[in-house]
Amino acid sequence: MWCRPIPRRGSTTRLRSAARAMCCTGAAPPTASAMLRCLPRCCGASERNGRRSPWTSRWCSLRVRRARPFRTSASMSCLRRASSRASRAGPPIGWTLQPCIGTATVLQWKLTAKGKLFHSGLPHKAVNSIELAMDAVSHLQRRFYETFPPHADEARYNFSTPSTLKPTQIECAAGSLNQIPPHCTVQGDARVTPFYSAAEVVAAALKFVEEFNEAAPTLECRGPASRYVIRVPGEGGAEEEVRGRVELSFDGDMNGFRGIACDLDSPGYKALCNATESVLGEVKPYSICGSLPLVKQLQEGGLDVQICGYGKSHVYHGDDEYCLLSDMCNAMRIFSHVLTALHNESKQE
């Protein structure tokens, strides 16, 4: 049977339960009409915060969701217990209207730039942490794209973008506009296609930052009064060197959101493509640098992981996120075709 994700409350749980009941090994595959009968009550309105709201599942019913703080070990333990009751050669794991055949590893990073506070009218006596952070991020990005260029396999998997590293948030020490801030923090993420190792990316990024720190005295700064290494009066009248410095760290569980390249030669992939083309009239597999938890671990555990879902991509992470009942109906038809194909194949074996 299908490897079952962790149950959740509400309408999605009912849809999962219905799907599980119809995917048991040994039973004849359900017809599309039988599967669709469960949709009106599963995809109807649900109670949330005391008011009615539409069912807004972004993915199909079989997606593992982050309802609580993510813990890889606990989640994998639950999934292993479920998958131990499933055949290793059974149907693929279903999660986006066309098959998604690849996702990216997500690495969240934080870069802290440490400078020296001083009055903006005397910038030669300060180390501007904002300028320092801007140049550090520029160096980090340039070296990242030199080291991890578009991979040859990304074209085969139809990835929309190659691996990327970019800032998404920035903040600095609170103060007035006539002060040069002593520290600045930039945060962002790296999205790494599954053809590169996350550990190699982390090690390389840390090395790039050290390169920047070592080169700080010779860097071309922003204007004649801007420096990342200055000398200031110290105790006893002797001058002391003040050097700007940046530090890079990676947050979160790097094993949780690992990228995956689905097996394009597996029976599950062929069944999913044939089913999608039969129901929708075309099949256009794609890959994206979004990410899903645990799918890589499941693949490494011997499962044929194939990703599919039937939400609306233009409302992902937006207000009033929604899906269409017609798409859910097509999803159930596709699943019916997949189950029928794999059931017939298993009987032949």
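Residue indices follow the written sequence of each chain, beginning from 1 at its first position. Per-residue local features are limited, in this predicted model, to residues with pLDDT of at least 70; the limit for side-chain atom pairs, both in listing and counting, is 80 or more; totals at the level of whole chains, interfaces and linings are taken over all residues. Excluded from the side-chain calculations are hydrogens and water; all other atoms, namely the structure's heavy atoms, are used.

**Some words on the sheet that holds strand β11 (residues 245–251)**
Then comes step 1: At least two bridges found by DSSP between two strands is the condition for calling them paired. Numbered from the N terminus, helices here are DSSP runs of H or I no shorter than four residues, and strands are runs of E no shorter than two. Strands sit in the order β6-β8-β4-β11 across an open sheet of four strands; the sheet is antiparallel. With partners counted over all chains shown, the strands left at the sheet margins are β6 (164–172) and β11, one partner each. On average, each strand axis in the sheet is inclined to that of its neighbour by 20 degrees, with strand direction left out of account.
Then comes step 2: Taken together, the 10 bridges between strand β4 (residues 105–114) and strand β8 (residues 183–192) define a ladder with antiparallel strand orientation. Across the sheet, the residue bridging to leucine 107 is alanine 190, located in β8.
Then comes step 3: Across the face of the sheet, helix α5 (residues 129–147) comes into contact with β4, β6, β8 and β11 while running at roughly 170 degrees to β6.
Then comes step 4: Strands in contact with helix α7 (residues 198–214) are β4, β8 and β11; relative to β11, the strand with the most contacts, it is inclined by about 170 degrees. Inter-axis angles, ranging from 0 to 180 degrees, are taken between N-to-C directions of lines fitted to C-alpha atoms, where helices are fitted over the stretch in contact. Contact between two residues is taken to exist if any of their heavy atoms lie within 4.5 Å; hydrogens are not considered.

**Here we look at the pairing of β11**
Consecutive residues of a regular strand have side chains that alternate between opposite faces of the sheet.
Then comes step 1: Remark: exposure states derive from per-residue accessible area (1.4 Å probe, protein chains only) relative to the maximum for the residue type, with buried under 20%, exposed over 50%, and partly exposed in between. Burial of the side chains of β11 is restricted to one face: Val246, Leu248 and Phe250 are buried, whereas none of Arg245, Glu247, Ser249 and Asp251 on the reverse face is.
Then comes step 2: Relative to β11, β4 is paired through seven bridges, and the arrangement is antiparallel. Considered in β11, the bridge of lysine 114 is made with arginine 245.

**Some words on the nonpolar core**
Then comes step 1: Among buried residues, those of type Ala, Val, Leu, Ile, Met, Phe, Trp, Tyr and Cys that are joined through side-chain atoms within 4.5 Å constitute a nonpolar core. Residues Leu107, Trp109, Leu111, Leu140, Val246, Leu248 and Phe250 are the most contacted members of the largest nonpolar core, which totals 35 residues.
Then comes step 2: Those elements that provide at least two residues to this core are β4, α5, β8, α7, β9 (229–233) and β11.
Then comes step 3: The biggest single contributor to this core is α7, with eight residues.
Then comes step 4: Discounting chain neighbours no more than four positions away, the residues touching leucine 107 are Gly188, Asp189, Ala190, Val192, Ala198, Val201, Val202, Phe250 and Met254.
Then comes step 5: One finds Ile101, Tyr157, Phe159 and Ile260 within the second-largest nonpolar core, a separate group that totals 17 residues.

Structural measurements only, silent on function.
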